[in-house]
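Take a look at the letters that make up each chain.
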Amino acid sequence: MTGSPTATVSPRVTAAVSGAIVGGAIGIGLSGTWGLLGAPIGGAIGFAAGALVGAADGAAGGGDGRTRDRIDPFTVDEPWRRQVQQALSARRRFREAAESVAAGPTRDRLASFGLHVDDLVDDVWTAAKAGHAAAKGARRLDIVALRRDLERATQRHDDIAAIATQIETRERLDASIDAAQSRLRGVVARLGEIVSRAVEISVGSPGGDAVSALEADAAATTDELTALRDALRELPNDSTGPT
């Protein structure tokens, strides 16, 4: 005997229903001063208001239960800013293409894939913020001043071990940050390629395999971004400073 398929409920719907229940209860509670007719009226108002608030809350989370921060590229320095801007541009291209598709299975699949694109852009933003913080942390070790101190200490025949260690630390941090910047550029370039393929799908008549391939590529790119973010978070940042 085959069981009934389990329905998947959108987080936006869940949020709206929860908001309606809570809002309805509040509305009924507040309607006591209106007499017998107050309960249904207050309840109806509460349900409607709660549903609107709940739906808005679900939308703010991106529709997939994931909290999305507001992205402001100008709060991070170059070259991190440029990568965030390119990711946002890629998402705009995708949304324009997806919205131009006539109603049907392809539009539905692209709409679902849009959540993957949103996640990738969020992950680029998270990695860029971590890279920005790591770069600020590295700059606490003023490499120019340290090299000047090293030269003076050498001339005076002072112990240079501590200064040399700080210079090595700064150079090691710079190398790690440069490598992270290169990795992020590669990831953002792949995001652009994924979006370009999605645009091609939007103007053609592809089979389901085409979108499935996009989803697989997006998942692999997400894994790369997660590894990059974790590597950046292990570096000293503007809060902890270099050690």
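All of these numbers come straight from a predicted model, not from anything done at the bench.

Description of helix α5 (residues 143-155)
Part 1 of the reasoning: Relative to the 18 Å expected for 13 residues at 1.5 Å per residue, α5 spans 18 Å between its end C-alpha atoms, a close match to the ideal helical length.
Part 2 of the reasoning: Buried within α5 are the following residues: Ile143, Ala145, Leu146 and Ala153. The arc that holds every buried residue of α5, seen down its axis, measures 155°, which confines them to one face. Exposed side of α5, more than 90 degrees from the buried face: Val144 and Gln155 are the residues found there.
Part 3 of the reasoning: Taken together, the buried residues of α5 touch α6 (161-203).
Part 4 of the reasoning: Between the side-chain oxygen at the start of α5 and the backbone nitrogen of Val144 there is a gap of 3.1 Å, and the oxygen is on Asp142.

Focus on the side chain of Thr126
Part 1 of the reasoning: As for its placement among the helices and strands, Thr126 is situated in helix α4 (residues 105-138).
Part 2 of the reasoning: A relative accessible area of 19% places Thr126 in the buried class.
Part 3 of the reasoning: For Thr126, the residues in contact, after removing those within four places along its chain, are Arg229 and Arg233.

Structural notes on the packing of aromatic side chains
Part 1 of the reasoning: In total, this model carries one aromatic pair according to the counting rule given.
Part 2 of the reasoning: Ring geometry for Phe94 and Phe113: centres 5.8 Å apart, planes at 65°, overall edge-to-face. Residue Phe94 is located in helix α3 (residues 80-99), and its partner Phe113 is located in helix α4; the two are separated by 19 residues in the primary sequence. Across the pair, Phe113 and Phe94 agree in class, each one buried.

Digging into the nonpolar core
Part 1 of the reasoning: In terms of nonpolar packing, the biggest core is built from 41 residues, with Trp80, Phe94, Leu184 and Leu232 touching the most fellow members.
Part 2 of the reasoning: Among the elements of the structure, α3, α4, α6 and α7 (208-233) are those that each provide at least two residues to this core.
Part 3 of the reasoning: With 13 residues, the single largest contributor to this core is α4.
Part 4 of the reasoning: The residues touching Leu232, leaving out its near neighbours within four places in the chain, are Trp80, Ala127, Ala130, Gly131, Ala134 and Ala180.
Part 5 of the reasoning: With six residues, the next largest nonpolar core counts Leu141, Ile143, Ile163 and Ile167 among its residues.

With respect to the side chain of Arg81
Part 1 of the reasoning: In this fold, Arg81 is placed in helix α3.
Part 2 of the reasoning: The buried charged residue Arg81 lacks any salt bridge, with Glu78 as its nearest oppositely charged partner at 4.4 Å.
Part 3 of the reasoning: Here Val76 takes part through its backbone oxygen, which lies 3.0 Å from a polar atom of the side chain of Arg81.
Part 4 of the reasoning: Other than its neighbours up to four places away in sequence, Arg81 contacts Pro73, Phe74 and Val76.

With respect to the confidence of the model for the chain
Detailed reading of the predicted model is not advised wherever pLDDT is low.
Part 1 of the reasoning: With 69% of its residues at a pLDDT of 70 or more, the chain shows a mean pLDDT of 77.
Part 2 of the reasoning: Predicted confidence is poor over residues 36-63, with pLDDT under 50, and the contacts of this stretch with residues over four places away or in other chains come to 48 contacts.

Re unusual backbone geometry
With the exception of glycine, most residues fall at negative phi, and the peptide bonds are largely trans.
Part 1 of the reasoning: The residue after Glu78, namely Pro79, is reached through a cis peptide bond having omega 0°.
Part 2 of the reasoning: Residue placement: Pro79 occurs in the loop between α2 (38-60) and α3.
Part 3 of the reasoning: A positive phi angle is found at His157, which is not glycine, with a value near 60°.

Examining the environment of Asp230
Part 1 of the reasoning: Residue position: Asp230 is located in helix α7.
Part 2 of the reasoning: Note: C-alpha distance between Asp230 and Ala127 (103 residues apart in sequence) is 8.4 Å.

Observations regarding the packing of α3 against α6
Part 1 of the reasoning: It is the contact of α3 with α6, at a shortest axis distance of 9 Å, that shows an interaxial angle of 10°. In terms of orientation, α3 lies roughly parallel with respect to α6.
Part 2 of the reasoning: Looking at the contact of α3 with α6 residue by residue, the classes come out as 13 nonpolar, six polar and two charged.

The rules behind each value
Residues numbered from 1 in each chain as written. Predicted model: local features only at pLDDT ≥ 70, side-chain atom pairs only at ≥ 80, totals over all residues. Heavy atoms only, no water. Helix = DSSP H or I, 4+ residues; strand = E, 2+ residues; numbered from the N terminus. Expected span 1.5 Å × (residues − 1). Buried < 20%, exposed > 50% of the residue type's maximum accessible area, 1.4 Å probe, protein only. Arc of directions from axis to C-beta. Contact = heavy atoms within 4.5 Å. Polar contact = N/O pair within 3.5 Å; in protein donor to acceptor, adjacent residues only side chain to side chain. Phe/Tyr/Trp six-rings, centres within 6.5 Å; stacked < 30°, edge-to-face > 60°. Core = buried A, V, L, I, M, F, W, Y, C linked by side-chain atoms within 4.5 Å. Lys, Arg positive; Asp, Glu negative; His and termini not counted. Salt bridge = Lys/Arg side-chain N within 4 Å of Asp/Glu carboxyl O. pLDDT = per-residue confidence, 0-100. Axes fitted to C-alpha atoms, helices over the stretch in contact; angles between N-to-C directions. Parallel < 35°, antiparallel > 145°, perpendicular 65-115°, else oblique. Nonpolar A, V, L, I, M, F, W, Y, C, P; charged D, E, K, R; others polar.

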